[in-house]
Number of protein chains: 2
Amino acid sequence: MNIRPETLQLYLVTERSLAAGRSLTDVVLAAVAGGVTIVQIREKAATTRAFIEQARALKTALNDSGVPLIVNDRVDVALAIGADGVHLGDDDMPCPEARRILGPTAIIGVSLAAAPGDGFADADYFAASPVFATDTKPDAGPALGLAGVAMLRRAVDRPLVAIGGIDQHNAARIIAAGADGIAVVSAIMAADDPTEAAAQLKTAVTRFS
Amino acid sequence: MNIRPETLQLYLVTERSLAAGRSLTDVVLAAVAGGVTIVQIREKAATTRAFIEQARALKTALNDSGVPLIVNDRVDVALAIGADGVHLGDDDMPCPEARRILGPTAIIGVSLAAAPGDGFADADYFAASPVFATDTKPDAGPALGLAGVAMLRRAVDRPLVAIGGIDQHNAARIIAAGADGIAVVSAIMAADDPTEAAAQLKTAVTRFS
């Protein structure tokens, strides 16, 4: 396991379109100041070169914080910038091939909507996705709900984060259901004060951890 | 140099939307039977997983032929399937980083619209792009023309292929201008008989080589 459960406590997934004129790096650093423990850069529309440039800038900015940077989907981008790992969904590279390419020390996370079958032995953590309905990812499957989080908690022996429609009001229930942490996009990316938003989420998470 | 000039003689770039109900693999194998010397798989809209599956099927199909398979843009896909190399454009991973990730024996090709500056020492071949206007890639820059091919031939000391609007009628002039080969998309992918289309293009190229 290349990641401790505590590192998943407050997991920020970037969404540049929500940054509202602010630089992605500025929003992320503000959120880290508020208590974000891990960052995933997600760029579904960017060219490879633009993705690399953005991810490298973010990695450089995060270096002093010790907060890991995970790349959504793109193993090539992760290799180019020396990211800490990748996060893989159903449409991305299969987990065993990503492990073979990235080596034993990379963090590999995998999104799950049901108990994992074969092929996930190489994952370091899992993400229950989506817990609630979300506007950020309209193509996500049906919501798992708190019962789904509890089911996955029993089904997997790895650190578990939950994502999808999580905010400061429901965060504590996610943790109570068995997740080690929460992943958010808009709750931080769209916040007027990302530091304050992150701090409130962190309080909700740690109160029940 | 990981590629000989002769290998660039007839370079097929795939475009699944032109396969008209035929499988990509079937069209490519038919074209190889007609004389295609190298294949590049290009998938700008596919998910990573779908791209890997398609590229792996094509690599398996091509194995017996000895025809190299190059992956457009995606170093991750190339690594996953054990492709022979990658082809990089302006929006893709910079050439030196691709070389560092893929190692010394991978074929790395780079598209050029002007004489290369620094940063291209790692390229094995260059593609003059676009030679003529083309409907296949409407976002390509202004056409280089035959004069542009001749200029690039003088400017670079690597194998040189030309792409963009090439068909059996203008192929010979591209070679006469100094290219080692021609790259085509629709001239083969959209042909009713890809074997015959490839054979005619091959004849046009080799007559002047």
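Structure's up top.
About the thresholds
- Residues numbered from 1 in each chain as written.
- Chains lettered and ligands numbered in written order.
- Predicted model: local features only at pLDDT ≥ 70, side-chain atom pairs only at ≥ 80, totals over all residues.
- Heavy atoms only, no water.
- Pairing = 2+ DSSP bridges.
- Helix = DSSP H or I, 4+ residues; strand = E, 2+ residues; numbered from the N terminus.
- Axes fitted to C-alpha atoms, helices over the stretch in contact; angles between N-to-C directions.
- Contact = heavy atoms within 4.5 Å.
- Buried < 20%, exposed > 50% of the residue type's maximum accessible area, 1.4 Å probe, protein only.
- Right-handed = clockwise from strand over helix to strand, strands pointing away.
- Arc of directions from axis to C-beta.
- Parallel < 35°, antiparallel > 145°, perpendicular 65-115°, else oblique.
- Left-handed = near helix turned anticlockwise from the far one by under 90°.
- Nonpolar A, V, L, I, M, F, W, Y, C, P; charged D, E, K, R; others polar.
- Buried area = accessible area lost by both parts, 1.4 Å probe.
- Salt bridge = Lys/Arg side-chain N within 4 Å of Asp/Glu carboxyl O.
- Polar contact = N/O pair within 3.5 Å; in protein donor to acceptor, adjacent residues only side chain to side chain.
- Phe/Tyr/Trp six-rings, centres within 6.5 Å; stacked < 30°, edge-to-face > 60°.

Residues and elements named next belong to chain A. Strand order in the closed barrel formed by 8 strands is β1-β2-β3-β4-β5-β6-β7-β8, with parallel pairing between adjacent strands. Across this sheet, the average inter-strand angle for adjacent strands is 25°, counted without regard to direction. Of the strands in this sheet, β5 (107-112), β6 (125-128) and β7 (160-163) touch helix α5 (residues 145-155), which is tilted by about 160° from β7.

This part covers the pairing of strand β8 (residues 181-184) of chain A. Put simply, side chains in a regular strand alternate between the two faces of the sheet. Residues and elements named next belong to chain A. With burial as the criterion, each face of β8 is covered, one bearing Gly181 and Ala183 and the other bearing Ile182 and Val184. In this sheet, β8 lies alongside strand β1 (residues 10-13) in parallel orientation, the contact comprising 3 bridges. For Tyr11, the partnering residue across the bridge sits in β8 and is Ala183. Following the chain from β7 across helix α6 (residues 171-176) to the adjacent parallel β8, one finds a crossover that is right-handed.

The next subject is α5 of chain A. All names here are of chain A. Buried within α5 we find Gly145, Gly148, Val149 and Leu152. With its buried residues spanning 105° around the axis, α5 presents them on a single face. Projecting away from the buried face of α5 at angles above 90 degrees are the exposed residues Ala147 and Arg154. Buried residues in α5 make contact with β5, β6, β7 and α6.

Let's shift gears to the packing of helix α1 (residues 24-33) of chain A against helix α2 (residues 48-62) of chain A. All names here are of chain A. Relative orientation of the contacting elements α1 and α2 amounts to 30°, with a least axis distance of 10 Å. It follows that α1 is roughly parallel to α2 by the angle criterion. At the point where α1 passes α2, the crossing takes the right-handed sense. Contacts between α1 and α2 involve Leu24, Thr25, Val28, Leu29 and Val32 from the first element and Gln54, Ala57, Leu58, Ala61 and Leu62 from the second. Counted by class, the contact of α1 with α2 contains 8 nonpolar, 2 polar and no charged residues.

With that out of the way, let us pick up the interface of chain B and chain A. Counting from both sides, the interface comprises 20 residues of chain B and, opposite them, 20 residues of chain A. Here chain B packs against chain A, burying approximately 1600 Å² in sum over the two surfaces, 51% of which is carbon and sulfur. Here chain B is connected to chain A by 4 salt bridges. Notably, a salt bridge pairs Glu97 of chain B with Arg56 of chain A, separated by 2.4 Å at the nearest N-O pair. Along the contact surface separating chain B from chain A lie 14 residue pairs in polar contact (both at pLDDT 80 or more). Secondary structure elements with two or more residues in the side of chain B that touches chain A: α2 (48-62), α3 (75-81) and α4 (95-102) of chain B. For the side of chain B that touches chain A, the residue count by class is 7 nonpolar, 3 polar and 10 charged.

All names here are of chain B. Burial along strand β3 (residues 69-72) is two-sided: Leu69 and Val71 and Ile70 and Asn72, pointing in opposite directions, are all buried. Alignment of strand β2 (residues 38-41) against β3, held across 3 bridges, turns out to be parallel. When the sheet's bridge partners are listed, Val39 is paired in β3 with Leu69. Note on the crossover from β2 through α2 to β3: the handedness is right-handed. What joins β3 to strand β4 (residues 85-88) is α3, and the crossover it makes is right-handed.

Moving on, we come to the side chain of Thr25 of chain A. The residue Thr25 of chain A is located in helix α1 in this model. Contacts of Thr25 of chain A, omitting those with residues within four sequence positions, involve Gln54, Ala57, Leu58 and Ala61 of chain A.

This part covers the packing of aromatic side chains. Residue and element names in this part refer to chain B. Evaluated as defined, the whole model comprises 4 aromatic pairs over all chains. Ring geometry for Phe120 versus Phe126: centroids 6.3 Å apart, planes at 65°, classification edge-to-face. Since its relative accessible area comes to 25%, Phe120 is described here as partly exposed. Residue classification places Phe126 among the buried residues on the basis of a relative accessible area of 3%.

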